[in-house]
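# Observations on the model geometry
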Amino acid sequence: MRVTIEVNGRETSADIEDRLLLVHYLRNTLGMTGTHWGCDTSNCGACTVWLDGLPVKSCTTLAAMADGRSVRSVEGLEGDTLDPVQQGFIEEHGLQCGFCTPGMMMVARALLDRDPDPDEATIREAISGNLCRCTGYENIVRAIRWAARKQAETGRSDREAEEAVL
Amino acid sequence: MQVPAPFTYERAGSVDEALSLLGRYGPEARLVAGGHSLLPMMKLRLARPEALVDINGLAELDYIRVDGDHLAIGAMTRHAAVLESPLLSEHYRIFAEAERVIADPLVRNRGTVGGSLCQADPSEDLSAVFAALRGEVVIRSTGGVRRVPMREFHVGPYETAVGDGEILVEVRVPIRTSVGSAYEKVERRAGDWSIAAAGAFVVLDGDRISDVGLGITAVGAEHFTCAEAEAALVGAQPDDEAVEAAAAICASSCNPTVDQRGPEDYKRHLVSVLVARALRRSIAVARVGSSRGVED
């Protein structure tokens, strides 16, 4: 079948087998290997991407299900600069081997869009579908808190700059 | 790499179209909603449908609303929507308490109420919730609509009353007043299936229990409930003696299997503890609610 899927704002299209999973569409058909392919059983969350704005596990989503819909992967996080979530993982050493990182960051971005100032319990609940085999959860939680603080500061300075201009 | 065996993918834009596709492909076709149970089973070849009819686009089945004296939940309502529904929480906190411990937030973004019930896993949580609440399911086919009480819905493990060419479209729960409800689950790790779980609702009339429902999952309870324990509670005073007696009936009448989640005696013990906790918390909430008219 032919699918057309918007990936990180860009239209992609390919002839695929009906049974192709979204994670393999991204990695093999498009060559976008930022999304990791982990447990294959919807447990580990390494394959997390957004589908129409909601984080989902792409190893348990058919590429066909995303036909005509929009997907955001870790490659779509970075704008002109790193996303605060990406910077937070650097600043707070939020990764060791890095395998869970793309999924963790996609969940973190979705969380902060919804709740810009989450407490630790909220962060832990949000990442409870993502496993870190290095067990580096403490630093992952810190990284997300760092991103939340950074956004708040940047938001404030942006507002102050706007007010100064006015 | 685990991939499903080949199949034909079809997408339905309406319930009528889904029924027509099911008719065209026959009994080897399966509906797929969130797919978080079916796709893993297809990867393992435990399921091998020739065609999948994708009903994720059926917005007409995605709702939670009051319909007369019932709460009506569309089959395509996602777990996340049930968890966050103020309407459901206002009437029955058992929904949010159960949803909070169903899988994880990512799975809850995709998994649906109808999909979970139709998968009919013997450890599934909403089966116990709707059994406790004495819900009923609404099933559509090209021939019309029929309703099945939740306690007659499960025919066996992974088998339901939904036949070939039929779609579960809605689940309905009676609205009750002076009611309290609760859900208690023990799992090995966050997001896992239950070792055992129990849910309850209790309606108080003065100092007596006037109505009660119990839901039990993962331990082979008949129809995900225990009618004998419910019968023992109706008319009783809502005290420790009645709660403990009912919990003991549940523990002795279920049929837990020995597996990696634990031995039989441990699971029976869990059932008795969890049923008692769910009943006590339901009673406490009902007491508050009976003075205010709604569940707190």
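Residues numbered from 1 in each chain as written. Chains lettered and ligands numbered in written order. Predicted model: local features only at pLDDT ≥ 70, side-chain atom pairs only at ≥ 80, totals over all residues. Heavy atoms only, no water.

### With respect to the overall build of chain A
When its secondary structure is counted, chain A shows five helices and five strands. Reading the secondary structure of chain A in the N-to-C direction produces β-β-α-β-β-β-α-α-α-α. For chain A, the C-alpha radius of gyration of 17 Å lies close to 15 Å, the compact-globule estimate for 166 residues. Across its three principal axes, chain A shows a C-alpha extent of roughly 55 × 40 × 20 Å. Here chain A, with 166 residues, has 49% of them falling under the buried criterion. Put simply, 56% of the contacts in chain A that link residues at least 6 apart link residues at least 24 apart. Total accessible area computed for chain A in this model is approximately 7800 Å², and 47% of it derives from carbon and sulfur atoms. Averaged over its 17 positive side-chain charges, chain A has a centre that lies 4 Å from the centre of its 26 negative ones. (Helix = DSSP H or I, 4+ residues; strand = E, 2+ residues; numbered from the N terminus. Rg over C-alpha atoms; globule rule 2.2 N^0.38 Å. Buried < 20%, exposed > 50% of the residue type's maximum accessible area, 1.4 Å probe, protein only. Contact = heavy atoms within 4.5 Å. Areas by Shrake-Rupley, 256 points an atom, 1.4 Å probe, with all protein chains shown as cover. Lys, Arg positive; Asp, Glu negative; His and termini not counted. Charge placed at Lys NZ, Arg CZ, Asp CG, Glu CD.)

### Re the pattern of salt bridges
Residue and element names in this part refer to chain B. Scanning the entire structure with this criterion turns up 34 salt bridges over all chains. Note that R189 and D192 form a salt bridge whose closest N and O atoms lie 3.9 Å from each other. Residue classification places R189 among the partly exposed positions, given a relative accessible area of 47%. Residue class for D192 comes out buried when judged on its relative accessible area of 6%. Between R280 and D240 there is a salt bridge whose closest N-O contact spans 3.1 Å. One end of the pair, R280, is in helix α11 (residues 264-292); the other, D240, is in helix α10 (residues 240-253), with 40 residues separating them in the sequence. With a relative accessible area of 33%, R280 lands in the partly exposed category. It is possible to trace a salt-bridge network through shared partners that takes in D67, E136, R147, E170 and R172. (Salt bridge = Lys/Arg side-chain N within 4 Å of Asp/Glu carboxyl O.)

### Some points on the packing of aromatic side chains
Any aromatic ring pair is given by two values, namely how distant the centres are and how the planes are angled relative to each other. The full count for this structure, using the stated rule, is two aromatic pairs over all chains. A cation sits over an aromatic face here: R72 of chain A above W50 of chain A, 4.8 Å from the ring centre. (Phe/Tyr/Trp six-rings, centres within 6.5 Å; stacked < 30°, edge-to-face > 60°. Lys NZ or Arg CZ within 6 Å of the ring centre and 35° of its normal.)

### Here's the deal with the sheet that holds strand β2 (residues 10-15) of chain A
Residue and element names in this part refer to chain A. Taken in spatial order, the five strands of this open sheet run β2-β1-β5-β3-β4, and their pairing is mixed. Each edge of the sheet is formed by a strand with only one pairing partner; in this case those strands are β2 and β4 (54-57). For this sheet, the mean inter-axis angle between neighbouring strands, taken without regard to orientation, is 40 degrees. Where strand β3 (residues 48-51) lies against strand β5 (residues 70-72), two bridges are found, and the strand directions are antiparallel. When the bridges of β5 are listed, L51 appears paired with V71. On the sheet, helix α1 (residues 22-29) packs against β1 (2-7), β2, β3 and β5 and is oriented at approximately 95 degrees with respect to β2. The sheet contacts of helix α3 (residues 101-114) involve β3, β4 and β5, and relative to β3 the element is tilted by about 40 degrees. (Pairing = 2+ DSSP bridges. Axes fitted to C-alpha atoms, helices over the stretch in contact; angles between N-to-C directions.)

### Concerning the environment of R114 of chain A
With respect to the element layout, R114 of chain A can be found in helix α3. A relative accessible area of 61% means that R114 of chain A is categorised as exposed. Taking the C-alpha atoms as reference, R114 of chain A lies 24 Å from C59 of chain A; in sequence the two are 55 residues apart. One polar contact links R114 of chain A to E84 of chain B, side chain to side chain, over a distance of 2.8 Å. (Polar contact = N/O pair within 3.5 Å; in protein donor to acceptor, adjacent residues only side chain to side chain.)

### Things to note about the domain arrangement of chain B
All names here are of chain B. Each assigned domain of chain B is listed here: domain 1 (8-54), domain 2 (59-174) and domain 3 (179-290). One C-alpha centre belongs to domain 2, the other to domain 3; they are set 20 Å apart. Interface of domain 2 and domain 3: buried area, both sides summed, is about 2000 Å²; carbon and sulfur atoms make up 56% of it. On the surface where domain 2 and domain 3 come into contact, there are five salt bridges. D125 serves as the salt-bridge partner of K185, at 2.9 Å between the closest nitrogen and oxygen. Counting the contacts that link domain 2 with domain 3 gives 16 residue pairs in polar contact (both at pLDDT 80 or more). When residues of the side of domain 2 that touches domain 3 are traced back to their parent elements, those giving at least two are α5 (94-99) and α8 (125-132). (Domains from an automatic or database assignment. Buried area = accessible area lost by both parts, 1.4 Å probe.)

### Notes on the interface of chain B and chain A
Contact residues are listed per partner, giving 31 residues for chain B and 31 residues for chain A. When chain B packs against chain A, close to 2500 Å² is buried across both sides, 59% of that on carbon and sulfur atoms. In this assembly, chain B and chain A are joined by four salt bridges. The closest approach of N and O atoms between R114 of chain A and E84 of chain B, which form a salt bridge, is 2.8 Å. At the junction of chain B with chain A, the criterion picks out 13 residue pairs in polar contact (both at pLDDT 80 or more). The set of elements that each furnish at least two residues to the side of chain B that touches chain A consists of β1 (8-11), α2 (38-43), β3 (51-54) and α6 (105-110) of chain B. When grouped by side-chain class, the residues that make up the side of chain B that touches chain A number 15 nonpolar, eight polar and eight charged. (Nonpolar A, V, L, I, M, F, W, Y, C, P; charged D, E, K, R; others polar.)

### Some thoughts on the state of the cysteines
All names here are of chain A. Across all of its chains, the model carries zero disulfides over all chains by this definition. As a non-bridged cysteine, C97 has C134 as the owner of its nearest cysteine sulfur, 3.7 Å distant. According to the relative accessible area criterion, C97 is exposed, its value standing at 57%. (Disulfide = S-S within 2.5 Å.)

### Examining the sheet that holds strand β7 (residues 144-149) of chain B
Residues and elements named next belong to chain B. The strand order across the open sheet built from five strands is β4-β5-β10-β6-β7, with neighbouring strands paired in antiparallel fashion. The strands lining the two open edges of the sheet, one partner per strand, are β4 (64-67) and β7. Across the sheet, the axes of successive neighbouring strands diverge by a mean angle of 25 degrees, strand direction being ignored. Where strand β6 (residues 136-141) and β7 come together, six bridges link them in antiparallel fashion. Paired with R140 across the strands is V145, a residue of β7. Sitting on the sheet, helix α1 (residues 15-25) touches β6 and β10 (167-174), and the angle it makes with β10 is about 130 degrees.

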